[in-house]
Amino acid sequence: MEQEEYSKEEINWSYIEFVDNQDVLDLIEKKPGGIIALLDEACMFPRSTHETFAQKLYQTFKSNKRFIKPKLSRTDFTILHYAGEVTYQANLFLDKNKDYVVAEHQALLTASQCPFVAGLFPPLPEESSKSSKFSSIGSRFKLQLQSLMETLSSTEPHYIRCVKPNNVLKPAIFENVNVIQQLRCGGVLEAIRISCAGYPTRRTFYDFLDRFSVLSPEVLEGNYDDKVACQMILDKKGLKGYQIGKTKVFLRAGQMAELDARRSEVLGNAARTIQLRIRTYMMQKQYIALREASITMQSYCRGRMARELYEQLRREAGALKIQKNFRAFIARKSHLKLRSCAVVLQTGYRGMIARNEFRFRKQTKASVVIQAHWRCHQAYCYYKSLQKAAIVSQCGWRGRVARRELRKLRMSARESGALKEAKDKLEKRVEELTWRLQLEKRLRTDLEEAKAQEITKLQDTVNALQLKVEEANSMVIKEREAARKAIEEAPPVVKETSVIVQDTEKINSLTAEVEKFKALSMKETQTAANAKKATALAEAKNSELMKKLEDSEKKADEQHILMQRLEEKLSNLESENQVLRQKALVISPSGKAVSVRSKTTIIQRNAENNTALNGEVRKAPAQDSVLALPPSREPETEEKPQKSLNEKQQENQDILLKCISEDLGFSRGRPLAACLIFRCLLHWRTFEVERTGIFDRIIQIIGAAIEVQDNNDVLAYWLSNASTLLLLLQRTLKASGAANLTPQRRRTSASLFGRVSQGLRGSPQSVGFSFLNGRMLGGTDDLRQVEAKYPALLFKQQLTAFLEKIYGLIRDNLKKEISPLLGQCIQAPRTSRASMVKGRSQANAAALQALIAHWKSIVNSLNNCLKTMRANYVPPLIVRKIFTQIFSFINVQLFNSLLLRRECCSFSNGEYVKTGLAELEQWCHDATEEFVGSALDELKHIRQAVCFLVIHQKPKKSLKEITNDLCPVLSIQQLYRISTMYWDDKYGTHSVSTDVISTMRVMMTEDSNNAVSSSFLLDDDSSIPFTVEEISKSIEPIEVPEIDPPPLIRANSGFTFLLQRAE
């Protein structure tokens, strides 16, 4: 019936077919050929038995599909019901059907006065025909079913299905299979399917509008048709799945309840509004009456209180006047008496104090004169005794020092010849060892190159096979995707089976090819394993050669240490010879050395290595005062052993690392820490050393400093230092080759003086000849290129990695700071947008400022980052790259949010985002192109999308104008997404025309057929967008500024080369 009504109303409805059980009903109760009719007929014949009844059933229903005869039984029969097959035994059918109550007995029990007994046997209906006197159980049951069906058809029944949860009949046990079988047999699942697919609630247009017009009063005011008005009400309330016919509205289950709930809510609000107005009027009227009465009463009460207060104040004023005069008289009298007594006491006391003070000053003056004369006498006597003792001790000490110097001069003259011969022999031996080392290194490099070539060949073959396998897998995946698309798009079922067969054939062929490629890859892996075995043998040979090389290197190091010690001794002897020669020229033979020595002082010797701090004799200040030297210093310096070169270098490195671990600041736009590290390492020739640990310690300090990843100030400081140091290394270091080692070695060891100066420049502790470095090198340390060894090149690579890490930390910190703000910037608050649309007064400007607050926060974050970078003198190229990636991140976040959220694709929201982008554009203009560059161009996607949202007359725009003029960067998928999601909440305009959308859809299908990527979202790029070469090209040549060393370095004698340049 419901489906007939749906077809009459001509709604969108597909007819639901359900299982009809009419053939089973006809088999059981149809006249005259039903089972019940045959049973009644058999009961009327006295000679009939259950076997004859069963045989009659077999003959009558042998061709019926619902009736089945068992094979082994002669009286049983099976009926195929809706729920399943049921087998019946006809043995007692005749007896049970005849078992009815006799009419006389039933009349007797019906007339019983007990209501329960009378209810069990109701009176039978009167039957006119004589043939109906015989009434069987089956016919009576059939009549009861007919009456039940009549009552059901005349009413609206509600069924309650009782389901047995288990067969054990125990609580808390639920058998799913049994319950589902009961529901399926009872037809509950079929009934639920039909009721869910239908529309249980239906109303005529008049009744619907009469009841629910309250939900949308403007519909009645617009004089719309009933059908259109109902459509508008349902659309306004956001209901889905309903149908509207010719005269009725059809609703799904629960939709009528939802509409009633909203209607009751609207009526409740209206009732509350009426109650509010009435109660307001009543309370206002009552308040006015109460206010008038209270004002009248207050006026009378305040007048009476004022009169009483005035009388009280008048009496208090009189009493106060009397008291004032009386108290003044008593106070004046007592004051005059006390004043006369105080004057007498003060005169006597002040006279006594003045006399005592005069007596004390007289005594102190006399004692001071006596003490002054006595102390003058004591100091004069002590000074005379000290002067005599100092002159005696200085004369004895200077004579002792002169005799010691003469002895050393004589000994050095004897030993210098023997030392030179030993040194020449050692030099020849060292040159032979270095030549052998170079040969072994060349052999080692040749073996490594051959091994690397074999490994690269094997890797190339393996990579080629992997690429082939990957291409085969990608082809399989593409074929599967194409098959899926063909299956989804093909309407008939027959075509689907053919496509599946073709796809399976292609997949089988591709799998066969993949197996072939796997077999080839297995062969290649076997060859690679053989090659690995060969490389292992070669590595074993190389390890043996390496052991030999290490032994030879150890021997060479020992020889080199001996050479350095001899060079130190020679340098010490030469410096002492120069000093002693100058002393011999200064000292006169007449014994006046004491008087001359008081005017000149020999330069102090370093207590660690006993070498002179300067090669010249310094003049003492021209004063008459005598220097008192401690007599115990020289023996201590002689007894203290000389420290090795490595210990001194380690001490200076510790001092340098301690200084750079602190924030040293900047000088002339350059970080002091980087310049200090570069100059010290260059002066110590650390870049040319094959083994050193200072590079690792510097890297550890930088890594410990950037552990706090949220502090952008510290990160920017070390970013500036790392970039500056890396640029200095880039322009100073050059890779050392094995071919030019021998000539350089021979050139440096050509002359004795050259070898001595080279050894002194290589160690920061040999500062006794720092004047040689100052005269010979001058300012060329900053310009000359150095042949770097492996530790220096590794340090450069580690520094590059730290530069990229610090850059990534600063960029990610800024992204974390602005990412929550971007989520609020993509869509304006609804209340603020409504106020901007409705009002155009001064409140509109305030609302606009509140909207731009999130954009202002982003601009403030960018400003803080730029200030930090500029304060730490970060290279402009790095700053530009940071802001370029940040603007790309903003573009990706805003554009993806715009495409994924429909509420963001509105006209007013486009205006809001456009104002925010204008704020970013103004910031780029203020920050100058030096630090921002072309970062604004990264916002091209969101800018073009916003411009498309805020333009008027979109339906008049063609696809060519949109893709070429308005949005040339956006793809067809992105334009289609924005066009379909657009809605105008301000002016009510429409999106682009349907022709443009259809052409976009066609182009998208063509792109999908051409295997073009259909993703319309953007990806964020988190790579490092620069190299060291780009930074070095973008910055002018760096000149290391003159450094003002920290106090810790200034106090150490190992850093005099920094002090000389500063001076």
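Structure shown above.
Owing to the predicted nature of the structure, the values given are computational and were not obtained by experimental measurement.

Draft legend 1. Structural detail: the overall build of the chain. Across its full length, the chain carries 37 helices and 12 strands. Here the chain holds 1063 residues, and the buried ones make up 32% of them. Restricting to contacts in the chain with at least 6 residues of sequence separation, those with at least 24 account for 74%. When the accessible surface of the chain is summed, it comes to about 69400 Å², and 57% of that surface belongs to carbon and sulfur atoms.

Draft legend 2. Summary view of the sheet that holds strand 6 (residues 248-251). The three strands are arranged 4-6-5 in an open sheet whose pairing can be described as antiparallel. The sheet is open, and its two borders are formed by strand 4 (201-204) and strand 5 (243-244), each paired with just one other strand. Inspection of the sheet shows strand 4 paired to strand 6 by four bridges, in the antiparallel sense. Within strand 6, the position partnered with threonine 204 by the bridge is lysine 248. Those strands touched by helix 11 (residues 205-212) are strand 4, strand 5 and strand 6, and its axis lies near 95° from that of strand 4.

Draft legend 3. Just the packing of aromatic side chains, in detail. Scanning the entire structure with this criterion turns up 16 aromatic pairs. Ring centres of phenylalanine 687 and phenylalanine 695 lie 6.1 Å apart, and the angle between their planes is 15°; on these two criteria the pair is classed as stacked. A relative accessible area of 1% means that phenylalanine 687 is categorised as buried. Taken together, the ring pairs in this structure connect Phe53, Tyr58, Phe61, Phe67, Phe77, Tyr88 and Phe93 into an aromatic cluster.

Draft legend 4. Spatial organisation of the sheet that holds strand 3 (residues 85-89). Reading across from one edge, 1-2-3 is the order of the three strands in this open sheet, with antiparallel pairing throughout. Each edge of the open sheet carries a strand with a single partner, namely strand 1 (67-68) and strand 3. Two strands pair when backbone bridges link them, and strand 1 and strand 2 (residues 76-80) are joined in this way by two bridges, in the antiparallel orientation. Within the sheet, the bridge partner assigned to isoleucine 68 lies in strand 2 and is threonine 78.

Draft legend 5. Local environment of the side chain of threonine 800. Structurally, the position occupied by threonine 800 is in helix 25 (residues 790-825). Classification of threonine 800 by relative accessible area gives buried; the value is 18%.

Draft legend 6. Main features of unusual backbone geometry. Despite not being glycine, alanine 172 has its phi angle at roughly 65°, a positive value. In this fold, alanine 172 is placed in the loop between helix 8 (137-154) and helix 9 (176-185). Overall, alanine 172 belongs to the exposed group, its relative accessible area being 87%. Although it is not a glycine, arginine 685 sits at a positive phi angle of roughly 60°. With respect to the helices and strands, arginine 685 occurs in the loop between helix 19 (672-684) and helix 20 (694-705). For arginine 685, a relative accessible area of 17% puts it in the buried group.

Draft legend 7. A look at the packing of helix 29 (residues 876-900) against helix 31 (residues 940-950). Two numbers describe how helix 29 lies on helix 31: the axes approach to 8 Å, and their chain directions differ by 40°. Pair helix 29 / helix 31 crosses with left-handed handedness. Residues Asn891, Leu894, Phe895 and Leu898 of helix 29 lie in contact with helix 31, whose contacting residues are Lys940, His941, Ile942, Ala945 and Leu949. Broken down by class, the residue content of the contact of helix 29 with helix 31 amounts to six nonpolar, two polar and one charged.

Conventions adopted
- Residues numbered from 1 in each chain as written.
- Predicted model: local features only at pLDDT ≥ 70, side-chain atom pairs only at ≥ 80, totals over all residues.
- Heavy atoms only, no water.
- Helix = DSSP H or I, 4+ residues; strand = E, 2+ residues; numbered from the N terminus.
- Buried < 20%, exposed > 50% of the residue type's maximum accessible area, 1.4 Å probe, protein only.
- Contact = heavy atoms within 4.5 Å.
- Areas by Shrake-Rupley, 256 points an atom, 1.4 Å probe, with all protein chains shown as cover.
- Pairing = 2+ DSSP bridges.
- Axes fitted to C-alpha atoms, helices over the stretch in contact; angles between N-to-C directions.
- Phe/Tyr/Trp six-rings, centres within 6.5 Å; stacked < 30°, edge-to-face > 60°.
- Left-handed = near helix turned anticlockwise from the far one by under 90°.
- Nonpolar A, V, L, I, M, F, W, Y, C, P; charged D, E, K, R; others polar.

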